[in-house]
Amino acid sequence: MTGSSLLPWLEAPLAQALHATRGHALLIHGPQGVGQFELALAVAAATLCEGEASVRPGGRACGHCSACHLIAARTHPDLLVLVPEVLQLALGWSGADEAGEEEGASKSKAKPSKEIRVAAVRAAIAFAQQTTSRGGAKLVVLYPAERMNPTSANMLLKTLEEPPGQARFILGSAAPQRLLPTVRSRCQVLRLPLPGAQLAIRWLQSRGVAEPQVVLAAAGGQPMDVIERLALGCDAQAWQRLPREVLAGQGTTLAAWPLPMVVDALQKLCHDALACAVGAAPRYFAAASVSGGGDVARLTACARTLREAARNAEHPLNAPLGIEALVQTLHRALRSPAAVSSSRERASPLATLRRP
Ligand SMILES: [Zn+2]
């Protein structure tokens, strides 16, 4: 975790974290896709780095000492990184998997867990109580912290209240409101803001992303989400043709996307159409593509329907039927009131969605 590999918008927050962090537990939170995990690792690396102060500007990890090499190789004995199974491949850490093995063994052939398991947290607590291997601190990085279930969180709480001598915890979260208040209150809090658009666009350009301003707006300004969404088929071209398709009552582009991304896209389209309808600026799409004179009352009702669909999007539904129904709801709301035949809007799209 050298300076050069750090995401450019994390430089200032890292300096802040290294300068101001006191105590044994830090909670880094901010919107999804801005690098909480990367910042947590950079703070951990800086804490464990054994390089001379002269090669560590701002107290960051030097990237060259043996501690830094062990971290890069994922084998530092005083660093434990807990992430749910579903994120291990993407983030390149499997520590939680090993720590959670005893509980997870029977499930190893099942779908990878989205939770940080109880056994993993138990192992982290045991890890924190061991003496340090290299004479410095012992670091536990836990991300996303809201993926702990209540049992895990309560177990961790005890350790956060009475931390073993050398242990430090760094929690990353995009949804701190879902953490136990008692866990939050035990942590020093560092809020990670959205990066500046220019910085984010330059970073996306450096990674070869086409039309970065379009996909950055599509992702609500969250640059790392852009990368994730591109992998799922949400590129600039797809995003730009979406309003036209929905206005025509088609879900061609959406049909290839996972349901949570479909619902997210429809919510953003609905938001922007509503913004334009009341004279505000759109946020996710180009103004010309969403200012078609949608009906405010219908768009408001549609926003409610989509919010409910978003709550259900992670659960197994009849996805093609669900997408079709949602597209039709937004399609009707996007057209001017006169153009809509009142007889076509009686069926609730959610009633269709829930049909077994
Ligand atoms: Zn170092």
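Scroll up to find the structure this text is about.
Residues numbered from 1 in each chain as written. Predicted model: local features only at pLDDT ≥ 70, side-chain atom pairs only at ≥ 80, totals over all residues. Heavy atoms only, no water.

A.B. asks: Just give me the short version of the side chain of D295, but keep the residues and values in it.
C.D. replies: Mapped onto the elements of the fold, D295 is located in the loop between α15 (287-290) and α16 (296-312). Among the polar contacts listed, one links the side chain of D295 to the backbone nitrogen of R298, at a separation of 2.8 Å. (Helix = DSSP H or I, 4+ residues; strand = E, 2+ residues; numbered from the N terminus. Polar contact = N/O pair within 3.5 Å; in protein donor to acceptor, adjacent residues only side chain to side chain.)

A.B. asks: Got a sec to walk through the state of the cysteines? Specific residues and values, please.
C.D. replies: One pass over the full model with this rule turns up zero disulfides. C270 forms no disulfide, and the closest cysteine sulfur to it belongs to C302, at a distance of 4.1 Å. (Disulfide = S-S within 2.5 Å.)

A.B. asks: Please set out the sheet that holds strand β4 (residues 167-173) residue by residue, giving values where relevant.
C.D. replies: Reading across from one edge, β2-β3-β4-β1-β5 is the order of the five strands in this open sheet, with parallel pairing throughout. Of all strands in the sheet, those with a lone pairing partner are β2 (79-82) and β5 (188-191), marking the two edges. With direction set aside, neighbouring strand axes in the sheet form an average angle of 15°. Judged from the four bridges that link them, β2 and strand β3 (residues 138-142) form a sheet pairing that is parallel. In the strand pairing of β3, L79 is matched with L139. (Pairing = 2+ DSSP bridges. Axes fitted to C-alpha atoms, helices over the stretch in contact; angles between N-to-C directions.)

A.B. asks: Please set out the coordination of the zinc ion residue by residue, giving values where relevant.
C.D. replies: Those protein atoms acting as donors to the zinc ion are C49 (SG), C62 (SG), C65 (SG) and C68 (SG), and they sit at 2.3 to 2.4 Å. Coordination at the zinc ion is tetrahedral: its four donor atoms span angles of 103 to 116° at the metal. Sequence positions of the residues that donate to the zinc ion give the spacing C-x12-C-x2-C-x2-C. The burial state of C65 is the same as that of C68; both residues are buried. (Donors = N, O, S within 2.8 Å, 3.2 Å for Na, K, Ca; no water. Tetrahedral: all angles 85-135°; square planar, octahedral: opposite > 155°, others 65-115°. Buried < 20%, exposed > 50% of the residue type's maximum accessible area, 1.4 Å probe, protein only.)

A.B. asks: Describe helix α14 (residues 259-277), and please don't skip the residues or the numbers.
C.D. replies: Quick reminder: α-helices carry 3.6 residues per turn. Residues three or four places apart thus point the same way. The terminal C-alpha atoms of α14 lie 27 Å apart, and with 19 residues this matches the ideal 27 Å at 1.5 Å per residue to within 8%. Of the residues one or two after α14, G279 is the one with positive phi, at around 85°. (Expected span 1.5 Å × (residues − 1).)

A.B. asks: Any chance you could break down the nonpolar core for me, citing the residues and the numbers?
C.D. replies: Side chains that are nonpolar tend, in soluble globular proteins, to be buried together. By size, the foremost hydrophobic cluster in this structure holds 81 residues, and its most contacted members are L79, I170, W239, L254, W257, L266 and L330. Here the element with the most residues in this core is α14; it accounts for ten residues. Both domains that furnish three or more residues to this core are identified here as domain 1 (3-191) and domain 2 (232-354). When sequence neighbours within four positions are dropped, the list of residues in contact with W239 reads V214, A218, R229, C234, W257, A265, K268, Y284 and F285. Membership of the second largest hydrophobic core comes to 25 residues, among which are I116, A120, V121 and A167. (Core = buried A, V, L, I, M, F, W, Y, C linked by side-chain atoms within 4.5 Å. Domains from an automatic or database assignment. Contact = heavy atoms within 4.5 Å.)

A.B. asks: Let's hear about the packing of helix α10 (residues 197-206) against helix α12 (residues 223-231): which residues, and what values?
C.D. replies: Interhelical geometry of α10 versus α12 gives an angle of 35° and a closest axis separation of 10 Å. The handedness of the crossing between α10 and α12 comes out as right-handed. For the pair α10 and α12, contact is made by A200, W203 and L204 and by P223, M224, V226 and I227, respectively. When its residues are assigned to classes, the contact of α10 with α12 shows seven nonpolar, no polar and no charged. (Left-handed = near helix turned anticlockwise from the far one by under 90°. Nonpolar A, V, L, I, M, F, W, Y, C, P; charged D, E, K, R; others polar.)

A.B. asks: How would you explain the pattern of salt bridges if you had to name every residue and give the values?
C.D. replies: Evaluated as defined, the whole model comprises eleven salt bridges. As a salt-bridge pair, E161 and R186 come within 2.8 Å of each other at their nearest N and O atoms. One end of the pair, E161, is in helix α8 (residues 150-161); the other, R186, is in the loop between α9 (181-185) and β5, and 25 residues separate them in sequence. Classification of E161 as partly exposed rests on a relative accessible area of 30%. In this structure, the salt-bridge partner of D264 is R229, at a minimum N-O distance of 3.0 Å. Residue D264 is located in helix α14, and its partner R229 is located in helix α12; the two are separated by 35 residues in the primary sequence. (Salt bridge = Lys/Arg side-chain N within 4 Å of Asp/Glu carboxyl O.)

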